[in-house]
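# Geometric and topological summary
This is what each chain is made of:
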Amino acid sequence: GIDMYSTVNSLIEGNTIQNNGQHGLQLSETPGLVVRYNSISGNLVNGMRIYDSPGLVAHDNSISGNLVNGMRLYDSPGIVVHNNSISGNTDYGMYADSLSFVDARDNWWGHGTGPHDPKSLPGTPDYNNPSGQGDDVTSYVDYRPWYSSTAKRVVNLDTGESFLTIQLAIDDPD
């Protein structure tokens, strides 16, 4: 896996991170980190373990089949997780262990009904999805709206970059 500690404004891009004995990505004290275009799967604990990394952005990743959680987040305010495919993780797709909201809108959670969420979002009555058949989420995960169909990739043939939507490809400055 990849273990990153005490870096600022870095980039993890275009990797296949799979079948590790612990975490696929372990990120500690990495404010401003961008994680994009990675396939993170089959790790024995978490696909991504993020600790004390405010402002981290994760987009256009596939996070699947990890034996505990897809993403485990600790004490990291301002995290943005958009346009990812998060599915088939054993315990939770996203486990937020802090009092800061995670902006996890616009992700595919493994089923068109969205993530399974039997509780209410703190401070927001009736923000739950007990009939969701996708990966589980914990409190402090703001997942609405979600993709209701499998995330499909759009590839920019000039740069080779892939995107979950054509609008993201159009808006990309590269």
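Residues numbered from 1 in each chain as written. Predicted model: local features only at pLDDT ≥ 70, side-chain atom pairs only at ≥ 80, totals over all residues. Heavy atoms only, no water.

## A short note on the sheet that holds strand S7 (residues 46-51)
- If you trace the 5 strands from one edge of the open sheet to the other, you get S1-S4-S7-S10-S13, paired in parallel fashion. Of all strands in the sheet, those bounded by a partner on one side alone are strand S1 (2-5) and strand S13 (92-97). Taken pair by pair, the neighbouring strands of this sheet meet at an average axis angle of 5°, ignoring direction.
- Sheet topology places S7 next to strand S10 (residues 69-74); 5 bridges connect them, and they run parallel. Across the sheet, residue Asn-46 finds its bridge partner in S10, namely Asn-69. (Pairing = 2+ DSSP bridges. Helix = DSSP H or I, 4+ residues; strand = E, 2+ residues; numbered from the N terminus. Axes fitted to C-alpha atoms, helices over the stretch in contact; angles between N-to-C directions.)

## Structural notes on the nonpolar core
- Of all hydrophobic cores here, the largest spans 28 residues; its most connected members are Leu-27, Met-48 and Met-94.
- For this core, the secondary-structure elements that each account for two or more residues are strand S4 (25-28), S7, S10 and S13.
- In contact with Met-48, other than residues within four places in its own chain, are Leu-25, Leu-27, Val-35, Ile-40, Ile-63, Gly-70, Met-71 and Arg-72. (Core = buried A, V, L, I, M, F, W, Y, C linked by side-chain atoms within 4.5 Å. Buried < 20%, exposed > 50% of the residue type's maximum accessible area, 1.4 Å probe, protein only. Contact = heavy atoms within 4.5 Å.)

## A word on the sheet that holds strand S3 (residues 16-18)
- Strand order across the open sheet formed by 4 strands is S3-S6-S9-S12, with parallel pairing between neighbours. Across the chains shown, the open sheet's two edge strands, defined by having one partner strand only, are S3 and strand S12 (85-87). The mean inter-strand angle of the sheet, taken between neighbouring strand axes irrespective of direction, is 5°.

## What about the side chain of Asn-43?
- By the secondary structure assignment, Asn-43 is in the loop between strand S6 (39-41) and S7.
- Exposure remark for Asn-43: the relative accessible area of 0% places this residue in the buried category.
- At 2.9 Å, the side chain of Asn-43 and the side chain of Asn-20 are in polar contact. (Polar contact = N/O pair within 3.5 Å; in protein donor to acceptor, adjacent residues only side chain to side chain.)

## Describing the side chain of Asn-107
- Within the secondary structure, Asn-107 sits in the loop between strand S14 (102-103) and strand S15 (115-116).
- Here the side chain of Asn-107 touches Val-81 through a polar contact of 2.8 Å, landing on its backbone oxygen.
- Here the side chain of Asn-107 touches Asn-84 through a polar contact of 2.8 Å, landing on its backbone nitrogen.
- Residues in contact with Asn-107, not counting those within four places in the same chain, are Val-81, His-82, Asn-83, Asn-84, Ile-86, Pro-145, Trp-146 and Tyr-147.

## Focus on the environment of Ile-40
- Assignment of secondary structure puts Ile-40 in strand S6.
- A sequence separation of 25 residues divides Ile-40 from Gly-65, and the C-alpha atoms of the two residues are 8.5 Å apart.
- Apart from the residues lying within four places of it in its own chain, the contact partners of Ile-40 are Ile-17, Leu-25, Gly-47, Met-48, Ser-62, Ile-63, Ser-64 and Asn-66.

## Quick word on the pairing of S10
- By the criterion of burial, S10 is predominantly enclosed, with 6 of the 6 residues buried.
- Of the strand pairs in this sheet, S10 and S13 are connected by 5 bridges, and their pairing is parallel. Paired with Asn-69 across the bridge in S13 is Tyr-92.

## Structural notes on the pattern of salt bridges
- Under the definition given, this model contains 4 salt bridges.
- A salt bridge links Arg-36 to Glu-13; the nearest nitrogen and oxygen atoms lie 2.7 Å apart. Taken together, the positions of Arg-36 in strand S5 (residues 34-36) and Glu-13 in strand S2 (residues 11-13) put the pair 23 residues apart, joining distant regions of the chain.
- Exposure remark for Arg-36: the relative accessible area of 19% places this residue in the buried category.
- In this structure Glu-13 comes out as partly exposed when scored by relative accessible area, which is 34%.
- For the salt bridge of Asp-117 with Lys-119, the shortest nitrogen-to-oxygen distance reads 2.4 Å.
- Judged by relative accessible area, Asp-117 falls into the buried class, the value being 0%. (Salt bridge = Lys/Arg side-chain N within 4 Å of Asp/Glu carboxyl O.)

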